[in-house]
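# Report on the structure
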Amino acid sequence: MTISELTLKSRDEEPVRRLEIFTGSGRRREWLPDEKARIVAESYEVGETVSAVARRYALSPQQLFAWRRAARQPFVASSAPEPLFVPAVVTAALPEPAPTRPARPRQRKATHAPGVIELEIDGIAMRVGRGADAKTVAAVIRALKATS
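Since this is a predicted model, take the numbers as computed values, not measurements. (Residues numbered from 1 in each chain as written. Predicted model: local features only at pLDDT ≥ 70, side-chain atom pairs only at ≥ 80, totals over all residues. Heavy atoms only, no water.)

## Notes on the overall build of the protein chain
We apply this condition: Elements are defined by DSSP. Helices are runs of H or I of four residues or more, strands are runs of E of two residues or more, and each kind is numbered from the N terminus. Only heavy atoms matter for contacts: two residues are in contact if any of them lie within 4.5 Å across the pair. In this description, accessible areas are obtained by the Shrake-Rupley approach with a 1.4 Å probe, and a residue is regarded as covered only by the protein chains that are shown.
What the protein chain contains, in helices and strands, is five helices and two strands. Of the regular secondary structure in the protein chain, the N- to C-terminal order runs α-α-α-α-β-β-α. Residue pairs at least 24 apart in sequence account for 23% of intrachain contacts in the protein chain once pairs closer than 6 positions are excluded. Counting only carbon and sulfur atoms, one obtains 57% of the accessible surface of the protein chain, whose full area is about 13700 Å².

## Observations regarding the packing of aromatic side chains
Definition in use: Here a pair means two rings of Phe, Tyr or Trp (six-membered ring of Trp) with centres within 6.5 Å. Their orientation is stacked below 30 degrees between planes, edge-to-face above 60, and tilted elsewhere. Working definition: with a 1.4 Å probe on protein chains only, accessible area under 20% of the residue-type maximum means buried, over 50% means exposed, and in between means partly exposed.
Scanning all chains against the criterion turns up one aromatic pair. When the centroid spacing of 5.6 Å and the interplanar angle of 75° are considered together, the rings of tryptophan 31 and tryptophan 67 count as edge-to-face. With tryptophan 31 in the loop between α1 (3–8) and α2 (33–43) and tryptophan 67 in helix α4 (residues 61–72), this residue pair connects regions lying 36 residues apart in the sequence. Judged by relative accessible area, tryptophan 31 falls into the partly exposed class, the value being 22%.

## Looking at the pattern of salt bridges
Quick reminder of the rule: Every case where a carboxyl oxygen of Asp or Glu lies within 4 Å of a side-chain nitrogen of Lys or Arg is listed as a salt bridge.
Under the definition given, this model contains two salt bridges. Here arginine 56 and glutamate 48 are joined by a salt bridge, their closest N and O atoms 3.1 Å apart. On the accessibility criterion, glutamate 48 (25% relative accessible area) is partly exposed.

## A closer look at the pairing of strand β2 (residues 124–128)
What counts, and what does not: Strands qualify as paired when DSSP identifies two bridges or more between them.
For strand β1 (residues 117–121) and β2, the ladder comprises five bridges, and the chain directions are antiparallel. Within β2, the residue paired with leucine 119 across the bridge is methionine 126. Linking two consecutive strands that pair antiparallel, namely β1 and β2, is a turn of two residues; a positive phi of about 55° is found at aspartate 122 within it.

## A word on unusual backbone geometry
Even without glycine at this site, alanine 58 takes up a positive phi of about 55°. Tracing the chain through its elements places alanine 58 in the loop between α3 (50–56) and α4.

## Observations regarding the nonpolar core
Quick note on the threshold: Side-chain atoms within 4.5 Å are what join buried Ala, Val, Leu, Ile, Met, Phe, Trp, Tyr and Cys residues into a set we call a nonpolar core.
Ranked by size, the top nonpolar core spans nine residues in total: Ile39, Val40, Val50, Val53, Ala54, Tyr57, Leu59, Leu64 and Trp67. Of the residues forming this core, the biggest block, three residues, is contributed by α3. Beyond its immediate stretch of four places on either side in the chain, leucine 59 contacts Arg29, Trp31, Ile39, Ala54 and Trp67. In this structure, Ile121, Met126, Val128 and Val137 belong to the second largest nonpolar core, which totals five residues.

## Observations concerning the environment of isoleucine 39
Note that isoleucine 39 resides in helix α2. The contact partners of isoleucine 39, leaving out residues within four places of it in the chain, are Trp31, Val53, Tyr57, Leu59, Leu64 and Trp67.

## Points about the packing of α2 against α4
We apply this condition: Here, axes are lines fitted to C-alpha atoms. For helices the fit covers the stretch in contact, and angles between N-to-C directions go from 0 to 180 degrees. The scheme is simple: roughly parallel for angles under 35 degrees, roughly antiparallel for over 145, roughly perpendicular for 65 to 115, oblique for anything else. Throughout this entry, Asp, Glu, Lys and Arg are counted as charged residues, while Ala, Val, Leu, Ile, Met, Phe, Trp, Tyr, Cys and Pro are counted as nonpolar. The remaining residues, Gly among them, count as polar.
Closest axis-to-axis distance for the α2/α4 pair is 10 Å, and the angle between their directions is 100°. As far as their axial angle goes, α4 and α2 are roughly perpendicular. The segment α2 lies against α4, with Lys36, Ile39, Val40 and Ser43 engaging Leu64, Trp67, Arg68 and Ala71. Per-class residue counts for the contact of α2 with α4 are five nonpolar, one polar and two charged.

Functional significance is not addressed by these values, which are geometric in nature.
As structure tokens, this is what we get:
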């Protein structure tokens, strides 16, 4: 069987109706922007359909629809990319500072027992001795922070 027998005969009882021969490199066609614009404008004319215009220029309707969609996009002349976000400046009234307790001068003892930790939070002093319960100390510190 030869190649011509394969391409020219589809069935014995039915003759060949169409035979296409592709020549050349088979690359995609390159349309100039002016040609694309003319074809797109023609597809928008009254009484024309996209399919008819596409057949006239041997295009697929999908290709012509893609050109029409691209023609609707705004043209950007500058090569510099535009910022995607606009800087926003938000001004809000500053909250009034919370009233603080006046600092009281502490009286220090001359001698401290060894291993005592002294904490001062907003003018309130707390001494933690050796062997103090950690949960109790944490609860006192949270209470001091909440009141300040």
